[in-house]
Amino acid sequence: NAEESPKLLQNLRFHSSNFENILKWDSIQGSPPDTVYNVQYKRYGDPKWKNKDECQNITETSCNLTYETRDTDEQYFAKVTASSRGQRNIQEWRQTPRFSACRDTLIKPPLVTCIPNVRSVRLVVHPSPTALWTSDGHSQTLEEIFPDLFYRLQLHVNHTYQMHLEGKKKEYEFFGLAPDTEYQGVTTISIPTPFKESPPYTCRVRTLADRTW
Amino acid sequence: DAAAILPAPLDLSVHSINMKHILTWSPVIVPGKIVNYSVEYQGEYERYYTSSTWIPSSWCSSISTPECNVTDDITATVAYNFRVRATLGNQSSAWSTLKELFNRNSTILTSPRMKMSKDGYHLIVEFEDLGPYFEFNVTYWRKSPNSQVLYKIVREGGSLVHLETMEAGAEYCVKAQTIVEVIERSSAFNQVECVIAQDESPLL
Amino acid sequence: GLKRLHLGNCVLSMNYQEMRNEFLEIKGYVQAEDGNLDKRILKSSEALQDTKPTERCCFFRHLLRFYLDRVFKNYQTTNHHIRRKVSSLANSFLGIKKELRLCHDHMICHCGEEAKKKYTQILSHFEELDAQTAVVKALGELDILLRWIEKT
C-alpha cells in the first residue's frame, strides 16, 4: 500500500522545541520535480480540517504550524497532500500521529554565562525564550510556562568528580577551586511535571591566576 | 490426566530487596529430564475487576531455573499474586500460587554503601547505583562544638559527588539513607564515616 | 517521582511519573487504533483543573471509576506488552482510588452539581460511540487525563 511504497512523500512528523512546532517531511528520490505540497491541520475532536494558507502548493518540505498548534492543552493532527503538477493522477497524503506540544516539545539547552574568578566559577542562567506569546503580546519564557522548572548545575573537576548545585534562582557559584585550573560547567533545565529535561549546556572555563602575593 | 502426573511447584515466595523482586519456588524433579516453568501474575485490579485473569510474566515463559525476576511486572503499589506451573514435553502441572500476596512497599531497603574520598579540601562521596527509584539523603557535619548539621539529596548513585569544601585540619562526618519516593519509604542510615581535611599547605 | 494532587481539601500523592512513562509506551499503538479524529471523550469543557476545588475530588473519583469499570477491563489486545502496560495503569489507578476512599470516608469528597454534570457529559461522549471504539478512544485519551492531573 502507499504507506510502504511512497511515491511523493514520507516521514511526516512534527519537530518541536521550546514550543516552536515545525511540520517536516521528506520527498522521495526520483519523485517528479514539479511535486507540490498542501498542508492542513486539525484539532483532535474537531470535525473539520483547515488549510494552512501559507503552505498551499509549496515546494519546501516543512511548514511552521507554531501558531495553529499553540494551545498546550489541546492535541492536533497535520496532513500533507503531495501532487505532481504535470502528472495529475499522482497524489499522495500522509497524516501525523496525535501531537501535543506540551507533551512532545523538546527543551533546548539553557542560555548560560560562565564567569571564572580566582577560586570560584559563577554560572548565570538566562530565561529561555519560547515560540509562545501571551495575549498581551509578550514572548513567554519556559520559566513562565512551567512554574516548577529548576536548573541542575554540575562543575566537573578533572574528569573524576562533580560539584552539584540545583535550584530555581538564576545565579550559582562553585567555591573552593584551585586558581589557574580548567573546569567544565554543565547546566540542564529540569521540569518535574510533565517530566522533561533539556540537553546540557556545557562551558569550559579556567579560573584566574592567583596574583595576590 | 497429564497434569496429575507432573507435580506442581511448591513454596512460591517473593524475595524483594531494594525494589528488585525475585520470585522463587521449589524445583520439580524428574530424574534425567529438564522441567520448564511458566510464570503469570495478576494485580489487585485483575482480581477484582476482570474476574481474576492472569498475565504472562515479562521474562519467564518456559524457563528452566526455579526463579524469576518479576521486577518489571510489579509497577504499582498494590497487592500482586503470582502463579507457576511446570511443563515437561506436553505434560503440564497444576498452577501453584503465592501463599501471601506481595506488595512492593514491603521491599527490604538496605542502608546504602558509600565511598568517601578527598581531593585537596574537597569532600567527595559516591553511592552504589541502585536504579531509577533511588535517591540518597546525605547528612553531614563538621566535628566541632555547636557545628551545624547539613543535608544534601544526591539524585543518583554511581557517580562521584562533591559534598563540601572542608576547612584545613577539620574533621567532617557523613551518614546517608536511601529514599524511594514511589513507596514513600526510606532505609536506615548507614554507618557514620569521618574524614580529616589536610592541614594548611605551608607557604612556599 | 510522586506528585501531590490537591483536590480541594483532599490531598493525595500518586506515582505520576511511573504512570506517564507506562502510557508513553502504549500511546502510539493505542492512538493509532483510534481512527475517529472527529470525536473526543475528555473535552476541555470538562477539564478537572477548571472544576470547582470542592468538587474536584468527587469528579476525579468518577473519572477513576470510569476507567476502572469501563475502559481498562474492556480493552482487548493480543499484544502482551500492551496488556502488561494497561494492567500497570489499571493497578496504579486502583491504588489511587483506594487513597481517595480515605478522603471520602473523611467527608472531604463532596459531590455537587458540577461534578455530576461534567461526569454525565463525559459518559455521553463515551456512549455516543460503539463499545470497542469508545474503549480504544478513552484509553488513547489518558494523556489528556494526565495533563489535567498535571494542571490540578
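A brief structural summary.

Scoring rules and cut-offs
- Residues numbered from 1 in each chain as written.
- Chains lettered and ligands numbered in written order.
- Predicted model: local features only at pLDDT ≥ 70, side-chain atom pairs only at ≥ 80, totals over all residues.
- Heavy atoms only, no water.
- Helix = DSSP H or I, 4+ residues; strand = E, 2+ residues; numbered from the N terminus.
- Rg over C-alpha atoms; globule rule 2.2 N^0.38 Å.
- Buried < 20%, exposed > 50% of the residue type's maximum accessible area, 1.4 Å probe, protein only.
- Contact = heavy atoms within 4.5 Å.
- Areas by Shrake-Rupley, 256 points an atom, 1.4 Å probe, with all protein chains shown as cover.
- Lys, Arg positive; Asp, Glu negative; His and termini not counted.
- Charge placed at Lys NZ, Arg CZ, Asp CG, Glu CD.
- Disulfide = S-S within 2.5 Å.
- Pairing = 2+ DSSP bridges.
- Buried area = accessible area lost by both parts, 1.4 Å probe.
- Salt bridge = Lys/Arg side-chain N within 4 Å of Asp/Glu carboxyl O.
- Polar contact = N/O pair within 3.5 Å; in protein donor to acceptor, adjacent residues only side chain to side chain.
- Axes fitted to C-alpha atoms, helices over the stretch in contact; angles between N-to-C directions.

**Side note on the overall build of chain A**
No. 1: Helix and strand counts for chain A come out as two helices and 17 strands.
No. 2: Relative to its length of 213 residues, chain A is extended, with a C-alpha radius of gyration of 23 Å against a globular reference of 17 Å.
No. 3: Judged by the C-alpha coordinates and their principal axes, chain A covers about 85 × 40 × 30 Å.
No. 4: Out of the 213 residues in chain A, the part that is buried amounts to 47%.
No. 5: Residue pairs at least 24 apart in sequence account for 57% of intrachain contacts in chain A once pairs closer than 6 positions are excluded.
No. 6: Of the roughly 10,800 Å² that chain A leaves accessible, carbon and sulfur atoms contribute 50%.
No. 7: Counting 26 positive and 26 negative side-chain charges, chain A places the averaged centre of each group 2 Å from the other.

**Topic: the overall build of chain C**
No. 1: Scanning chain C from terminus to terminus reveals six helices and two strands.
No. 2: Rg of the C-alpha trace for chain C: 15 Å, near the compact-globule value of 15 Å for 152 residues, within the 12% margin.
No. 3: Seen through its principal axes, chain C has C-alpha atoms that stretch 40 × 35 × 25 Å.
No. 4: Scored against the burial criterion, the 152 residues of chain C give a buried share of 59%.
No. 5: The long-range fraction of contacts in chain C, counting pairs at least 24 apart against all pairs at least 6 apart in sequence, stands at 82%.
No. 6: Carbon together with sulfur atoms contributes 51% to the accessible area of chain C, which is approximately 6,200 Å² in total.
No. 7: Charged side chains of chain C number 25 positive and 20 negative; the gap between the two group centres comes to 3 Å.

**Section: the state of the cysteines**
Residues and elements named next belong to chain C.
No. 1: Evaluated as defined, the whole model comprises seven disulfides over all chains.
No. 2: C10 shares a disulfide with C103; S-S distance 2.1 Å. Taking the sign of the torsion about the S-S bond as the criterion, the disulfide between C10 and C103, at about 75 degrees, is right-handed. Of the two residues, C10 sits in strand β2 (residues 10–14) while C103 sits in helix α3 (residues 80–105), which places them 93 residues apart along the sequence. You'll find C10 and C103 in the same group, each marked buried.
No. 3: Disulfide partners in chain C, listed by the sequence order of the bonded cysteines, are 1-4, 2-5, 3-6.
No. 4: Each bonded cysteine of chain A is numbered by sequence order, and under that numbering the disulfide pairs are 1-2, 3-4.

**What about the pairing of strand β1 (residues 10–17) of chain B?**
Regular strands show a simple pattern: their side chains alternate between the two faces of the sheet.
Residues and elements named next belong to chain B.
No. 1: In the sheet, β1 pairs with strand β2 (residues 20–26) via six bridges, with the strands oriented antiparallel. Within the sheet, the bridge partner assigned to L10 lies in β2 and is S26.
No. 2: Once β1 ends, the chain turns through two residues before running back antiparallel as β2, passing N18 with a positive phi of about 50 degrees.

**Here's the deal with the interface of chain C and chain A**
No. 1: Contact residues are listed per partner, giving 23 residues for chain C and 21 residues for chain A.
No. 2: With both chains or domains summed, chain C and chain A bury close to 1,700 Å², and 43% of this area falls on carbon and sulfur atoms.
No. 3: Considering only the surface of chain C that becomes buried against chain A, C:L37, C:R40 and C:R147 emerge as the three largest contributors, covering 34% of it.
No. 4: Linking chain C with chain A are six salt bridges.
No. 5: Between A:D73 and C:R147 there is a salt bridge whose closest N-O contact spans 3.1 Å.
No. 6: Linking chain C with chain A are 14 residue pairs in polar contact (both at pLDDT 80 or more), by the criterion used here.
No. 7: Those elements that provide at least two residues to the side of chain C that touches chain A are α1 (16–33), α5 (131–140) and α6 (142–150) of chain C.

**Some remarks on the sheet that holds strand β1 (residues 9–17) of chain A**
Strands pair in a sheet through their backbones, by hydrogen bonds, and they do so in one of two ways: parallel or antiparallel.
Residue and element names in this part refer to chain A.
No. 1: Ordered in space as β1-β2-β5, the three strands form an open sheet in which the pairing is antiparallel. If you trace the sheet from one side to the other, it starts and ends with β1 and β5 (62–64), each paired once. Mean inter-strand twist for the sheet, computed between neighbouring axes without regard to direction, equals 15 degrees.
No. 2: Direction of pairing for strand β2 (residues 20–27) relative to β5: antiparallel, over a ladder of three bridges. Paired with K24 across the strands is S62, a residue of β5.

**Focus on the side chain of A:S198**
Residue and element names in this part refer to chain A.
No. 1: Among the secondary structure elements, S198 is positioned in the loop between β16 (196–197) and β17 (201–206).
No. 2: We classify S198 as buried; its relative accessible area is 5%.
No. 3: In this structure the side chain of S198 is engaged in a polar contact, spanning 2.8 Å, whose partner is the backbone nitrogen of I189.
No. 4: Setting aside chain neighbours within four positions, we find S198 in contact with I107, K108, P109, P110, T188 and I189.

**A look at the environment of C:E114**
All names here are of chain C.
No. 1: As for its position among the elements, E114 is in helix α4 (residues 113–128).
No. 2: In this structure, the C-alpha to C-alpha distance between E114 and L146, residues 32 residues apart in sequence, is 20 Å.
No. 3: Ignoring sequence-local partners within four residues, the contact set of E114 consists of D50, T51, K52 and E55.

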